[in-house]
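# Structural overview for review
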Amino acid sequence: MTLILAIESSCDETACAIIRDGREILSNIVSSQINTHTLYGGVVPEVASRIHVENISTVICEALKESGVTMNEIDAVAYTLGPGLIGSLHVGVMAAKTIAFAFHKPLIPIHHITGHIYANAFVTDLKFPLMALVVSGGHTELVWMKDDYSFEVLGTTVDDAIGEAYDKVARVLGLGYPGGPAIDRLAKEGKADPLYRLPVPKTDGRFDFSFSGLKTAVLQLNDRLKRNGKEVVPADLAYCFQETALGLLTDKTVKAVQEYHPAMLVLAGGVAANSRLRELIVRKTEGLPCETVIPPLKYCTDNAAMIGAAGYAAYRRGAFGTMEDMADPGLMMPGEN
Ligand code: KG4
Ligand code: ZN
């Protein structure tokens, strides 16, 4: 039996979890700062770091208490090394190193995105080769995993991440932060309207994405309609934005699946919570010889359990870190240089 204590603090969630053998969650404590950042309309990095400092010790103690596990029983400490906000990451990195030093535990540095992918290990046994569509506030990536804990990025966004586009479009529509869930809800009441037709973004890379032009197109369309004295129906604009963004995302994912023939396709990251994306991916992969897995909502957004699941895969591979590892906001995936 392997017990991993996992820490996540890359953005605005302070989180700690205790995981047994990579897939059993003994505790999963997440302290969200969302109420604070909502006041500013987005995550304020300096404020995020300060709240992490205030909460990290309590969150770790709470995770141990709830699991009934003592620090002596822990086999290794997994933590998010990057990518993310430098100040936020730093708090989790220092906490992990402090525990490792004080209790003589090995360290496992984890790439945040691999955590999002391994969140699916709580749903089912992962099957390889595996294709992951990683969609979050900071990432839009198609990741090919030939084997357990091996990563190749097939495509990525050339500008904004899809979650970022959702958040910015939500701001234009006056929906507040975070914008993704608000657009998800509003778009359900919307309908297709030729007035709101948006350009489908083009990219050179076959599996690359682009969302910046789409976001600007929504902004300009909104301004133009208002200037011309036309009423803007936010639900219809949200619907058209979402259909365009998710159409592009799911079409490229299906193309990658048809070309690479994975045994499993998994969704990962905060935007995987989107109800329309979940619906589209299931529909478009129907009939393909590949199992599609969508994590439950609670594992889509940032948490430490997913870092523990990735940490267990790294642990089995002996992918340990050292005290010299430093928080890295631009960290590459393991094996990607
Ligand atoms: O993975 P995550 O919690 O943090 C990052 O690592 O970025 O993802 C946060 C992102 C935000 O942009 C948020 O607006 C988006 O996920 N999001 C959604 C939904 N729920 C969260 N986007 C679209 N639809 C949703 N239901
Ligand atoms: Zn994330």
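Being a predicted model, the structure only gives us computed values, none of them experimental.

Further remarks concern the coordination of the zinc ion (ligand 2). The protein atoms donating to the zinc ion (ligand 2) are His112 (NE2), His116 (NE2) and Asp302 (OD), with metal-donor distances spanning 2.0 to 2.1 Å. Written as a sequence motif, the donor residues of the zinc ion (ligand 2) are H-x3-H-x185-D. Of this pair, His112 and His116 both sit in helix α4 (residues 112–118), separated by 4 residues, roughly a single helical turn. Relative accessible area serves as the criterion here: at 7%, His112 is assigned to the buried category.

Take Glu141: it is sitting in strand β7 (residues 140–145). Nearest to the buried, unbridged Glu141 among oppositely charged side chains is Lys252, at 14 Å. Reaching out from Glu141, the side chain makes a polar contact with the side chain of His139 at a distance of 3.3 Å. Separated by 3.4 Å, the side chains of Glu141 and Thr156 make a polar contact.

What follows is about the pattern of salt bridges. Applying the stated rule across the entire model yields 14 salt bridges. Asp160 is the salt-bridge partner of Lys168, the closest N and O atoms lying 3.7 Å from each other. On the basis of relative accessible area, Lys168 is assigned to the partly exposed category, the value being 31%. The class for Asp160 is buried, based on a relative accessible area of 10%. A salt bridge links Glu243 to Arg276; its shortest N-O distance comes to 2.7 Å.

Next up on the list: helix α6 (residues 179–187). Most of α6 is tucked away, with 7 of its 9 residues classed as buried. Among all positions of α6, only Gly179, Gly180, Ala182, Ile183, Asp184, Leu186 and Ala187 are buried. Packing partners of the buried residues in α6 comprise α5 (162–172), α8 (234–260) and α9 (275–285).

Neighbouring residues of ligand 1: 20 residues in total, closest Gly137, Asp167, Asp184, Gly270 and Asn274. For ligand 1, an oxygen atom lies 3.4 Å from a polar atom in the backbone of Gly138. In this structure, an oxygen atom belonging to ligand 1 sits 3.3 Å away from a main-chain N or O atom of Asp302. When ligand 1 is considered free in solution it has 550 Å² of accessible area, and contact with the protein chains removes 88% of it. Those elements that place two or more of their residues in the shell around ligand 1 are α4, α5 and α6. Looking at the shell around ligand 1, the element that brings in the most residues is α6, giving 4 residues. The class makeup of the residues in the shell around ligand 1 is 5 nonpolar, 12 polar and 3 charged. In terms of domain composition, the shell around ligand 1 takes at least three residues from each of domain 1 (3–119 + 299–316) and domain 2 (126–294).

Here we come to the domain arrangement of the protein. Parsing the protein into structural domains produces domain 1 (3–119 + 299–316) and domain 2 (126–294). Averaged C-alpha coordinates put domain 1 and domain 2 at centres separated by 27 Å. Taken together, the contact between domain 1 and domain 2 spans 21 residues of the former and 22 residues of the latter. Roughly 1,500 Å² of surface becomes buried between domain 1 and domain 2 when both sides are summed, with 70% attributable to carbon and sulfur atoms. If you sort the residues of domain 1 by the area they bury against domain 2, Ile117, Tyr118 and Cys300 come out on top, with a joint share of 38%.

Quick look at the packing of aromatic side chains now. The relative placement of two aromatic rings is captured by the distance of their centres and the angle of their planes. All chains considered together, the criterion is met by 8 aromatic pairs. Seen from their ring centres, Tyr149 and Phe151 are 5.1 Å apart, and the 80° between their planes marks the pair as edge-to-face. Both residues of the pair, Tyr149 and Phe151, count as buried. Aromatic ring contacts, followed pair by pair, group Tyr118, Tyr149 and Phe151 into a single cluster.

In this structure, Pro129 follows Phe128 across a cis peptide bond, with omega equal to 0°. Checked against the element boundaries, Pro129 lands in the loop between α4 and β6 (130–135). For the peptide bond that leads from Tyr177 to Pro178, omega is -5°, which places it in the cis range. The backbone of Tyr149 shows a phi angle near 60°, a positive value even though the residue is not glycine. Within the fold, Tyr149 resides in the loop between β7 and β8 (152–156).

Spanning 27 residues, α8 covers 39 Å between terminal C-alpha atoms, matching the ideal 39 Å at 1.5 Å per step. The buried fraction of α8 amounts to 19 of the 27 residues, a majority that puts the element mostly inside the structure. Backbone geometry just downstream of α8 places His261 in the positive-phi region, at approximately 55°.

What counts, and where the lines are drawn
- Numbering of residues begins from 1 in every chain and follows the order in which that chain's sequence is written.
- To label them, take the chains in the order written and letter them from A, then take the ligands in the order written and number them from 1.
- Note on the predicted model: pLDDT of at least 70 is required for a residue's local features to be given, and 80 or more for side-chain atom pairs to be given and counted; whole-chain, interface and lining totals, by contrast, use all residues.
- Values shown for side chains rest on all heavy atoms present in the structure; no hydrogens or waters enter the calculation.
- Listed donor atoms are N, O and S within 2.8 Å of the metal (Na, K and Ca: 3.2 Å). As water is not included, a site may look incomplete.
- A helix here means a DSSP run of H or I that spans at least four residues, while a strand means a run of E at least two residues long, and both kinds are numbered starting from the N terminus.
- Throughout this description, buried means an accessible area under 20% of the type-specific maximum (1.4 Å probe, protein chains only), exposed means over 50%, and partly exposed covers the range between.
- Positive: Lys, Arg. Negative: Asp, Glu. His and the chain ends are not part of the count.
- Salt bridges are defined as contacts in which a side-chain nitrogen from Lys or Arg sits within 4 Å of a carboxyl oxygen from Asp or Glu.
- Nitrogen and oxygen atoms within 3.5 Å of one another constitute a polar contact, given that in protein one can donate a hydrogen and the other can accept it, and given that sequence-neighbouring residues count only through two side-chain atoms.
- It only takes one pair of heavy atoms within 4.5 Å for two residues to be counted as in contact.
- We call a residue near a molecule or strand as soon as one heavy atom of that residue lies within 4 Å of the molecule or strand.
- Only the protein chains shown count as cover for residues, with accessible areas throughout obtained via the Shrake-Rupley method and a probe of 1.4 Å.
- When residues are grouped by polarity, Ala, Val, Leu, Ile, Met, Phe, Trp, Tyr, Cys and Pro land in nonpolar, Asp, Glu, Lys and Arg in charged, and all others, Gly among them, in polar.
- Residue ranges for the domains trace back to a domain assignment, done automatically or taken from a database.
- What gets called buried area is simply the loss in accessible area from a 1.4 Å probe that two parts show on being joined, summed for both.
- Each Phe, Tyr or Trp ring (for Trp, its six-membered ring) is paired with any other whose centre lies within 6.5 Å, and the angle between the two planes then decides the class: stacked below 30 degrees, edge-to-face above 60, tilted in between.
- Here a helix's expected span is defined as the number of its residues, less one, multiplied by 1.5 Å.

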